[in-house]
Amino acid sequence: MNATTLIANVMRLLNRSGFRARSLVIAVPFWWLFVFFLIPFAVVAKISFSEAIIARPPYSPLYTWTEDGVLQLKLFFSNYAYLLDDTLYVSAYWSSIKVAFFSTVIALLIAYPMAYYIARTTERRRNVLLMLIILPFWTSFLLRVYAWIGILKTNGIINNILMSVGITSEPIIMMQTNFAVYVGIVYTYLPFMILPLFTNLVKLDPSLLEASADLGARPMTTFFKITLPLSVPGIIAGSMLVFIPVIGEFVIPALLGGPDTLMIGKVLWNEFFSNRDWPVASAVAVVMLVLLVIPIMLLRNAQNASAGAAS
Amino acid sequence: MKKILSLAVLAALSTTPVLASGKTLNIYNWSDYIAEDTIKKFEEKTGIKVTYDVYDSNEVLEAKMLAGSSGYDVVVPTADFLQRQIAAGVYAKLDKSKLPNLKNMDSGLMKALGNFDPGNEYAVIYLWGTTGIGYNTKAVAKRLGDNAPTDSWALVFDPANAAKLKDCGISLLDAPTEVIPAAMNYLGLDPRSTKKEDFEKAAALLTKIRPFVRYFHSSQYISDLANGDICVSVGWSGDVFQARDRADEAKKGVEIGYSIPKEGALQWFDTLAIPVDSKHKDEALAFINFVMDAQITADITNYVWYANGNAASLPMVEQDIKDDAGIFPPDEVKAKLWGAKVYKKRTDRVITRLWTKVKTGK
């Protein structure tokens with residue numbers, strides 16, 4: 001029996017037992033998600049049902065074996081009830097969603113023309129432009145946010161230029177404001193919006209645009225009736241890549257934002273570090289995840305629907 | 001060019017002393033909180049290779065300690081945090097037979113630390129300081145006149161003053177258990193009170209000055225004060241002195257002052273302690289003993305401008321530091337300082353919640 005027939009026989013056996021080569025391919029991302037997402041999430045979920053105590057680690061064990069061999073399971077649902085008790089959590093979730101929504105919209109408005117141009121330009125120039133989009137990733141994200149501090153602060157680059165030109169006599173306070181947070185977020189996440197939009201727009205068949213023009217449509221009409229609807233999957237993909245991580249964003253508001261920038265990441269930090277209440281912090285994280293699943297599902301459905309319509 | 005670069009790397013590598021012993025020590029200390037040459041001297045003396053990391057808040061240190069397996073061998077908790085962490089079983093008892101330099105320590109201050117760590121079993125004093133007011137002398141005088149109350153909490157906590165300082169920038173430490181008691185002290189309440197009404201009164205006062213506060217942060221104010229980006233900070237004494245030092249070096253005409261308010265201020269102790277799961281306890285003890293050397297501690301105080309708890313080091317401390325009432329306060333000022341209070345969990349939550357309310361209005 002040679003090797004090829006051996007492999008064929010093994011495959012047949014596996015197939016008969018319900019195993020497909022496809023499952024092998026799916027297995028890698030599946031295990032990845034299992035190990036790096038589901039297990040950590042299970043740990044967080046477990047802590048969210050315990051009680052904070054002064055110990056190391058600072059929460060009570062979920063279950064204990066009593067001396068006569070009885071398994072005792074203690075679940076504290078109070079951590080979740082507590083989140084509704086205080087309006088802080090609801091308003092923090094709400095303002096995180098708001099910041100994420102406006103950041104996504106602003107990023108989309110900036111990214112779309114950029115992606116459109118990159119998709120339409122000559123191949124030579126396209127490669128250079130794509131390189132420029134990716135280039136900032138070679139520098140640490142943290143350093144780039146710090147660079148914005150230098151640009152935006154009271155004695156920073158913008159204020160120095162404005163004051164030396166004489167546009168303003170007093171420095172404009174931009175650091176520690178929501179404006180700085182939006183600048184930081186949109187700047188950081190812009191590539192994640194541009195790249196999916198680009199991959200979508202570059203596939204657009206130019207003959208469709210020609211057909212539209214031949215039928216007498218003006219460029220604007222063509223854009224709104226042909227290009228924009230066909231690029232919806234790219235818009236959705238880009239929006240998801242921006243919206244979802246921004247909701248949980250902690251670093252940018254912490255570095256650029258003021259004390260009144262209320263976001264769920266900061267509230268979580270407070271629960272974890274200032275209150276030393278790991279269970280409530282975990283409950284905040286679990287609720288955030290559940291809240292995120294809803295928009296993800298909606299967007300995925302929309303994406304599937306538009307993909308189905310396009311094909 | 002590449003050749004020059006690799007030569008430079010080689011040169012840098014060869015100047016690092018070859019540490020034959022293979023012993024290592026991982027230290028986790030506050031940022032800007034040690035003399036430039038302390039670690040180098042320790043490595044040269046003992047042959048122990050040191051990895052040195054920094055943090056800027058007790059909360060971050062505490063989270064690492066409570067999670068366990070931090071990998072650090074020497075950490076520098078503030079005394080009130082130390083007390084709670086001892087209760088959680090975070091630290092190992094010090095083997096005092098390996099700390100002969102304990103004899104250098106100031107017995108009065110070590111006794112004060114005993115309020116948090118009875119019998120000084122787990123920690124020794126590293127440095128101590130106060131939480132007071134750092135200010136840009138010219139910027140404040142320009143807005144409040146030459147009689148500005150720079151020696152009083154009224155400078156920040158009186159809304160009329162704070163309003164006038166808004167444009168040049170006020171910062172508060174992002175440390176609720178230090179700022180809220182200071183506000184209570186200004187209101188004439190006991191800063192160590194644990195009554196919810198007292199916290200609420202302080203929070204109400206802070207809410208009134210909140211519109212005039214630029215930010216709440218525990219390390220950024222050092223460079224911002226020095227650069228003139230802000231003009232008044234409720235901050236830690238030595239950090240304000242570092243700002244003063246940096247402002248002098250920059251020569252941009254910024255002058256920084258520090259005052260312990262006449263109403264009183266928090267006196268805190270930072271301590272050296274060894275996590276219970278440290279894998280290099282002997283090296284950690286060697287380091288703690290090394291730091292307690294009179295000359296080494298004097299060098300650190302001369303560099304970071306914080307007072308120390310080492311009586312034997314005082315002759316080596318520079319005269320102008322010893323004479324500075326903001327660093328080594330005279331007895332009548334000392335009498336008004338208060339020690340940190342360790343709160344119950346429920347109280348901690350009340351304070352954090354009020355703090356969030358002050359900061360965000362929610």
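Residues numbered from 1 in each chain as written. Chains lettered and ligands numbered in written order. Predicted model: local features only at pLDDT ≥ 70, side-chain atom pairs only at ≥ 80, totals over all residues.

Visitor: Can you tell me about the overall build of chain A, naming the residues and giving the values?
Guide: When helices and strands are tallied, chain A shows 14 helices and 2 strands. The globule rule puts the C-alpha radius of gyration for 311 residues at 19 Å, and the 26 Å found for chain A is more than 25% above it. Seen through its principal axes, chain A has C-alpha atoms that stretch 85 × 80 × 35 Å. Of all 311 residues assigned to chain A, the portion counted as buried reaches 28%. (Helix = DSSP H or I, 4+ residues; strand = E, 2+ residues; numbered from the N terminus. Rg over C-alpha atoms; globule rule 2.2 N^0.38 Å. Buried ≥ 20, exposed ≤ 12 C-beta atoms within 10 Å, placed from the backbone.)

Visitor: Tell me what's going on with the overall build of chain B, and back it up with residues and numbers.
Guide: In terms of helices and strands, chain B carries 17 helices and 11 strands. Against the 2.2 N^0.38 benchmark of 21 Å for 362 residues, chain B shows a C-alpha radius of gyration of 21 Å, consistent with a compact globule. Dimensions along the principal axes, computed over C-alpha positions, put chain B at roughly 65 × 55 × 40 Å. Of all 362 residues assigned to chain B, the portion counted as buried reaches 48%. Sequence separation of 24 or more characterises 72% of the internal contacts of chain B that already satisfy a separation of 6 or more. (Contact = placed C-beta atoms within 7 Å.)

Visitor: Tell me about the interface of chain A and chain B, residues and numbers included.
Guide: Listed by partner, the interface residues are 22 residues for chain A and 28 residues for chain B. Elements that contribute at least two residues to the side of chain A that touches chain B include exactly helix H4 (87-120) and helix H13 (264-274) of chain A. In terms of residue count, the dominant contributor to the side of chain A that touches chain B is H13 of chain A (4 residues). Looking at the side of chain A that touches chain B, its residues break down into 10 nonpolar, 8 polar and 4 charged. (Nonpolar A, V, L, I, M, F, W, Y, C, P; charged D, E, K, R; others polar.)

Visitor: Can you explain the nonpolar core? Please cite residues and give values.
Guide: Ranked by size, the top nonpolar core spans 106 residues in total, and within it Val74, Val156, Ile180, Ala183 and Val232 of chain B carry the most contacts. Formed jointly, this core draws a minimum of three residues from each of two domains, domain 1 (15-129 + 268-328) and domain 2 (130-266 + 338-360) of chain B. Each residue touching Ile180 of chain B, except ones within four places of it in the same chain, is listed here: Phe199, Ala202, Ala203, Ile351, Leu354 and Trp355 of chain B. One finds Trp148, Ile194, Phe198 and Val242 of chain A within the second-largest nonpolar core, a separate group that totals 49 residues. (Core = buried A, V, L, I, M, F, W, Y, C linked by C-beta atoms within 7 Å. Domains from an automatic or database assignment.)

Visitor: A description of the environment of Val276 of chain B should follow, citing residues and the corresponding values.
Guide: Residue and element names in this part refer to chain B. Here Val276 lies in the loop between strand E9 (266-273) and helix H13 (281-291). Sequence separation between Val276 and Val90 is 186 residues, and the spatial gap between their C-alpha atoms is 5.7 Å. For Val276, the residues in contact, after removing those within four places along its chain, are Gly89, Val90, Tyr91 and Ala92.

Visitor: Mind laying out the packing of helix H9 (residues 176-186) of chain B against helix H10 (residues 196-209) of chain B, listing which residues take part and the relevant values?
Guide: Residues and elements named next belong to chain B. Orientation of H9 relative to H10, taken along the N-to-C sense of each, is 90 degrees, at an axis distance of 9 Å. One element, H9, and the other, H10, form an angle in the roughly perpendicular class. Along the contact surface, H9 presents Ile180, Ala183 and Met184, while H10 presents Asp198, Phe199, Ala202, Ala203, Leu205 and Leu206. Of the residues assigned to the contact of H9 with H10, the class counts are 8 nonpolar, no polar and 1 charged. (Axes fitted to C-alpha atoms, helices over the stretch in contact; angles between N-to-C directions. Parallel < 35°, antiparallel > 145°, perpendicular 65-115°, else oblique.)

Visitor: Tell me about the confidence of the model for chain B, and name the residues and values.
Guide: All names here are of chain B. On average, residues of chain B score 91 in pLDDT, and 94% of them reach the 70 mark or higher. The model gives residues 1-19 a pLDDT under 50, and that stretch makes 5 contacts with residues more than four places away or in other chains. Among the prediction metrics, the complex's ipTM stands at 0.77, with pTM recorded as 0.79. (pLDDT = per-residue confidence, 0-100.)

Visitor: Account for the environment of Trp128 of chain B, naming residues and giving values.
Guide: Residues and elements named next belong to chain B. Note on placement: Trp128 falls in strand E4 (residues 123-136). Note on Trp128: 24 C-beta atoms within 10 Å, which makes it buried. The contact partners of Trp128, leaving out residues within four places of it in the chain, are Leu109, Gln267, Trp268, Phe269, Asp270, Tyr306, Ala307 and Gly309.

Visitor: So what's going on with unusual backbone geometry? Residues and values would help.
Guide: Cis geometry marks the peptide bond from Arg56 of chain A to Pro57 of chain A; its omega dihedral reads -5 degrees. If you trace the backbone, Pro57 of chain A turns up in the loop between helix H2 (21-48) and strand E1 (63-65). A positive phi angle is found at Asp32 of chain B, which is not glycine, with a value near 50 degrees. By the C-beta count within 10 Å, which is 14 here, Asp32 of chain B ends up partly exposed. The residue Asn120 of chain B is not glycine, and still its phi comes out positive at about 50 degrees. With respect to the secondary-structure elements, Asn120 of chain B resides in the loop between helix H5 (107-113) and E4.

Visitor: Could you give an account of the pairing of strand E7 (residues 232-236) of chain B, naming the residues involved and the relevant values?
Guide: All names here are of chain B. With respect to burial, E7 is a largely interior element, 5 of its 5 residues being buried. In terms of strand pairing, E4 meets E7 through 5 bridges, oriented antiparallel. Bridged to Thr131 within E7 is Trp236. By the bridge criterion, 3 bridges tie strand E5 (residues 170-172) to E7 in an arrangement that is parallel. Within E7, the residue paired with Ile170 across the bridge is Val232. (Pairing = 2+ DSSP bridges.)

Visitor: If you had to explain the environment of Val240 of chain B to someone new, which residues and values would you point to?
Guide: All names here are of chain B. Residue position: Val240 is located in helix H12 (residues 237-250). Assessed through the 28 C-beta atoms surrounding it within 10 Å, Val240 is described here as buried. Sequence spacing of Val240 and Leu225 is 15 residues, and the spatial spacing of their C-alpha atoms is 8.0 Å. Those residues in contact with Val240 that lie beyond four places of it in its chain are Gly134, Leu225, Ser233, Gly235, Ile256 and Tyr258.

Visitor: With reference to specific residues and values, describe the domain arrangement of chain B.
Guide: Residue and element names in this part refer to chain B. Here the domain parsing of chain B yields domain 1 (15-129 + 268-328) and domain 2 (130-266 + 338-360). Between the C-alpha centres of domain 1 and domain 2 there is a distance of 27 Å. Taken together, the contacts link 17 residues of domain 1 with 18 residues of domain 2. When residues in the side of domain 1 that touches domain 2 are grouped by element, the largest group, 4 residues, is from helix H4 (residues 79-87). For the side of domain 1 that touches domain 2, the per-class residue count stands at 7 nonpolar, 6 polar and 4 charged.

Visitor: So what's going on with helix H11 (residues 232-247) of chain A? Residues and values would help.
Guide: For H11 of chain A, which comprises 16 residues, the first-to-last C-alpha distance of 22 Å matches the rise-based estimate of 22 Å (1.5 Å per residue) to within 8%. When H11 of chain A is considered as a whole, its buried residues turn out to be Pro233, Gly234, Ile235, Ile236, Gly238, Ser239, Val242, Phe243, Val246 and Ile247 of chain A. (Expected span 1.5 Å × (residues − 1).)

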